[in-house]
Amino acid sequence: MRRNANWIELTAAAFCMIGAVGCVIGATSDSTAFLRAWLCSYLFWLGLPLAGVTLVLVHDLSGGDWMATARPVLDAATATMPLASLAGIPAFVGLNSLYAWTHPPPDLGNAFYLNPSDFFLRYGTYVALWNLLAAFVLWGPRRGNSPIRSGLSWISGVGLIALGFSASFAAIDWIMSLEPTFWSSAFTYAQGASWFNTGMAAVLLTIALFEWPSGERRQHMSDLSKILLATTIFWAYVEFIQFLIIWEENLRLEIPWYLKRLHPVWRPAIYVSAGLGFIIPFCVLLWAPSKRNRAVVGTVCAGVLVSRLANTWLQVKPEFTEPPPFWLDVATVLALGGAMVLLFASFLRWAHRLAPAEAPIWTADHG
Amino acid sequence: MAMTLTSELPAAPVVAPDVTLASLSEQVSGRVLMDRAPLWWWAGFGFSFTLFTLLVIQMAWLFVNGIGVWGVEIPVAWGLAIAEYVWWIALASGGTIVSALFFLTRSPWRSATNRIAESMLLSAAPCAGLMPIMHLGRPGLFYWLFPYSTVMGVWPQARSPLWWDFICLIYYILMSIMYYYTGILPDLATVRDLARSRFKQIFYGVLALGWRGSSEQWRNQRTVYAIMSAIMAPMVISVHSVVGLDFAGGLTPGWHDTQFPPYFFFGAVISGTAVIIMLTIVVRWGYGLQDVLTAYHFNAMAKIMLVGSVMLAYAYVWEAFGPIYGSDVAQKTEFFQRAFGFTAPAFWSEKILTVVIPQLLWLPAVRRSRTLLFLISGGIIVGMWQERFVFTTSSLEHNYMPSYWGRYYPTFWDWACLAGTIGLFLTLFFLFLRFAPIVSIAEMREVIEEERSK
């Protein structure tokens, strides 16, 4: 990691610059298209810190030796929370261009919830809460693979509940409300799982690329891969259940949401989202030896990341009669992603400096 | 994944240090082989069997007079029987979750409690299965649900979740029986080897299917058991999801909710674990298994129940928020009727019993107290019954047209059905308790060896 850190940071900075140039061009030529593309990028990258915080809090309550391998990368993922959470601002300054409920019809029944002032109040609450939890994850008294002191584990429990509810309401605010008359309770489960899978895949990909553990610690990768397998199955389960019920009922208020997404234009996104986000991880990771194979885990996780990006586009873009051009989508993903990876890699390098000389980063104490 | 479920209970071992392989076999087998059952067993069995006879009488009355003896009447065509079907299948599913799901996660606390969970599952599943058959109106024709070739040309509607449910339930019960039998096989051989009377040697010898404990037999048994666990764990989720689809697939306000499949599964986790905790407390006390069923197990199960309660609370939030946020007036009206109308006392007390009170389980002292655990678990089971009752009947009471609204009042025979199935459940469980090892001797031997090697 130490050898690779510089070129990763340089590459990330380069991508960030290229993406930023694209964003400037996009924003000046069509600001609405830029806002929509930026929203997708924001929703995609937010999964990284959300998963980092979630997994550390879960570990505080459940324990597990796998944390010895995952801790530094999870900490680095968590450290991106300030940037990731505040990255919504560029999108939300143009709220009118994104959400139909900003100029609602008189009969919109949920205007008590969907209005700009309450929206921004909730956004501020999410940012504050998530950053507080990230601080607790980074600076709480934890060592190696040990969970937090049992006297403080209640904070992790309460934090996890608060995180679950706030992320669910954020999913309603930022994605579901793009169609203000649509409601599906399973949507909150699916988006939560999708965010977690994004971050989990990024964490495992980082370990697979740079510091694959050896000896007994290879079991940790098996355990972490099992967690990813379980959550990809859960995501597919709730997505399918939601589709099945809405398709079966075929109601006026619900079925348009799927009809838009089943349009041939969006079929590739469906195939990538389901194929790389569930079918391939399921078929590959179910086989025990594959969970210990560096190349296999790395490839599957890269696929999951691509699938989550496709899924984000599938959730957001069909709601717009004029979706942003593909190059602008890529530019916003590179701009924010480059900055996120730069921060992520810098934190990992900083954590290296804390490690005793010659000791691998995985044995360093954090917290 | 090593679990640190008892990091706050360092003095609570998975099994007491003085339990040996021989003492475990004698302790557990001895309960099966004793000549006369203890008085408490007879008292419990007698009470249960009395309730069971009430079920038989109720069924006879029902089959002679039709389902009009229950309180069901249009618009409320689904009453207590369907609500209790969901309730019982949730309890049964909890047994599979503890037994199969936690086998896959290699949780050490599961070894001493899985047999209790499986016995509970096999006792609860028939109670669930009976409900829809009784509710058919013409129960003698229930076999029409099978997709068999007939000259009548009548086939089940394969697009209906109700039919999926029938198929799922059949497979679930059959798989559960095989799963239980695969796990208990080595223990039946242990009982056979320790039996002194010729009758018991033959009886358990036949059941043990010639098990001799060779390495090949063990290898095969463990492989089959692991494969069955891997099948049972997703199966129980799918079974309960299909039960959720029975409701979510209907257009009735209050039932149409896309979260119902996972929501029903959360209910299964919490209610099933609550029953297992109550039964484990009784078994531990009755059979003196304090060395095998330790504070470790109760702590672990209490945490599972707490997680189930939190997940259920998550689902309850969307149950309330959805109708308020959504645009469907009928959904909104039905929810307000449910929460503030005729069913309000049951609605709110159910939330208190299943979500508010279980939050006490955050406190280690509560998880250590078996009395409190017993009371909280009992409250959860009652609360889950109320939940099933409220959403089944309230939705039908408040359908789309107010002119079509009606009220459901259970009759004596509805309550007799509930009491009778509780009797059937307990009767079966007491029989398992008397004639089969209620703790997995084979798996506990592994736990003892592991504890010694630490």
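Here the structure is a predicted model, which means the values were calculated and not measured.

## Side note on the overall build of chain B
Okay, so step 1: In terms of regular secondary structure, chain B is built from 15 helices and 0 strands.
Okay, so step 2: A globule of 454 residues ought to have a C-alpha radius of gyration of about 22 Å, and chain B, at 23 Å, matches this closely.
Okay, so step 3: Seen through its principal axes, chain B has C-alpha atoms that stretch 70 × 55 × 40 Å.
Okay, so step 4: Buried positions account for 59% of the 454 residues belonging to chain B.
Okay, so step 5: For chain B, the proportion of contacts with a sequence separation of at least 24, taken over those separated by at least 6, is 82%.
Okay, so step 6: Summed over all atoms, the accessible surface of chain B reaches about 18000 Å², with 71% contributed by carbon and sulfur.
Okay, so step 7: Computed over 28 positive and 26 negative side-chain charges, the inter-centroid distance for chain B is 7 Å.

## Points about the interface of chain B and chain A
Okay, so step 1: If you look at the interface, chain B gives 35 residues, while chain A gives 43 residues.
Okay, so step 2: Of the roughly 3400 Å² buried where chain B meets chain A, counting both sides, 68% is carbon and sulfur surface.
Okay, so step 3: Linking chain B to chain A there are 13 residue pairs in polar contact (both at pLDDT 80 or more).
Okay, so step 4: Of all elements in the fold, only α5 (161–194), α7 (215–248), α8 (260–287) and α9 (295–325) of chain B reach the threshold of two or more residues within the side of chain B that touches chain A.
Okay, so step 5: Per-class residue counts for the side of chain B that touches chain A are 22 nonpolar, 10 polar and 3 charged.

## Digging into the environment of Gly183(B)
Residues and elements named next belong to chain B.
Okay, so step 1: Position of Gly-183 among the secondary structure elements: in helix α5.
Okay, so step 2: Residue classification places Gly-183 among the buried positions, given a relative accessible area of 8%.
Okay, so step 3: In this structure the C-alpha to C-alpha distance between Gly-183 and Arg-222, which are 39 residues apart in sequence, comes to 8.5 Å.
Okay, so step 4: Setting aside residues no more than four positions away along its own chain, Gly-183 makes contact with Arg-115, Gln-221 and Tyr-225.

## A few points about the pattern of salt bridges
Residue and element names in this part refer to chain B.
Okay, so step 1: Tallied over the entire structure, the rule returns 17 salt bridges over all chains.
Okay, so step 2: A salt bridge links Arg-338 to Glu-334; the nearest nitrogen and oxygen atoms lie 2.8 Å apart. Note that Arg-338 and Glu-334 are positioned in helix α10 (residues 329–340) at a spacing of 4 residues, about one turn of the helix.
Okay, so step 3: According to the relative accessible area criterion, Arg-338 is buried, its value standing at 4%.
Okay, so step 4: Salt bridges here are not isolated pairs; linked through shared partners, they connect Glu-319, Glu-334, Arg-338, Glu-350 and Lys-351.

## Focus: the nonpolar core
In summary, soluble globular proteins display a tendency toward joint burial of nonpolar side chains.
Okay, so step 1: Residues Leu39(A), Tyr42(A), Phe92(A), Tyr99(A), Trp130(A), Trp174(A) and Leu224(A) are the most contacted members of the largest nonpolar core, which totals 244 residues.
Okay, so step 2: Not counting residues up to four positions away in its chain, the partners in contact with Leu224(A) are Leu55(A), Trp66(A), Ala70(A), Met200(A), Leu204(A) and Ile207(A).
Okay, so step 3: Ranked by size, the runner-up nonpolar core spans 15 residues in total, among them Val32(B), Leu33(B), Val191(B) and Trp211(B).

## Comments concerning the packing of aromatic side chains
Okay, so step 1: By the definition in use, this model includes 77 aromatic pairs over all chains.
Okay, so step 2: Between Tyr42(A) and Trp174(A), the ring centres sit 5.3 Å apart and the planes meet at 55 degrees, which makes this aromatic pair tilted. Within this pair, whereas Tyr42(A) is found in helix α2 (residues 31–45), its partner Trp174(A) is found in helix α9 (residues 153–174), the two being separated by 132 residues in sequence.
Okay, so step 3: With a relative accessible area of 0%, Tyr42(A) lands in the buried category.
Okay, so step 4: For Trp174(A), a relative accessible area of 0% puts it in the buried group.
Okay, so step 5: Judged by centre distance (5.4 Å) and plane angle (70 degrees), the rings of Tyr180(B) and Phe432(B) are edge-to-face. Of this pair, Tyr180(B) sits in helix α5 while Phe432(B) sits in helix α14 (residues 412–435), and the two are 252 residues apart along the sequence.

## Observations concerning the confidence of the model for chain B
Okay, so step 1: Summing up the model confidence of chain B, the mean pLDDT is 92 and the portion of residues at 70 or higher is 97%.
Okay, so step 2: Low pLDDT (under 50) marks residues 1–6 of chain B, which in the prediction has 18 contacts with non-local residues, meaning those over four places away or in another chain.

What counts and how
- Residues numbered from 1 in each chain as written.
- Chains lettered and ligands numbered in written order.
- Predicted model: local features only at pLDDT ≥ 70, side-chain atom pairs only at ≥ 80, totals over all residues.
- Heavy atoms only, no water.
- Helix = DSSP H or I, 4+ residues; strand = E, 2+ residues; numbered from the N terminus.
- Rg over C-alpha atoms; globule rule 2.2 N^0.38 Å.
- Buried < 20%, exposed > 50% of the residue type's maximum accessible area, 1.4 Å probe, protein only.
- Contact = heavy atoms within 4.5 Å.
- Areas by Shrake-Rupley, 256 points an atom, 1.4 Å probe, with all protein chains shown as cover.
- Lys, Arg positive; Asp, Glu negative; His and termini not counted.
- Charge placed at Lys NZ, Arg CZ, Asp CG, Glu CD.
- Buried area = accessible area lost by both parts, 1.4 Å probe.
- Polar contact = N/O pair within 3.5 Å; in protein donor to acceptor, adjacent residues only side chain to side chain.
- Nonpolar A, V, L, I, M, F, W, Y, C, P; charged D, E, K, R; others polar.
- Salt bridge = Lys/Arg side-chain N within 4 Å of Asp/Glu carboxyl O.
- Core = buried A, V, L, I, M, F, W, Y, C linked by side-chain atoms within 4.5 Å.
- Phe/Tyr/Trp six-rings, centres within 6.5 Å; stacked < 30°, edge-to-face > 60°.
- pLDDT = per-residue confidence, 0-100.

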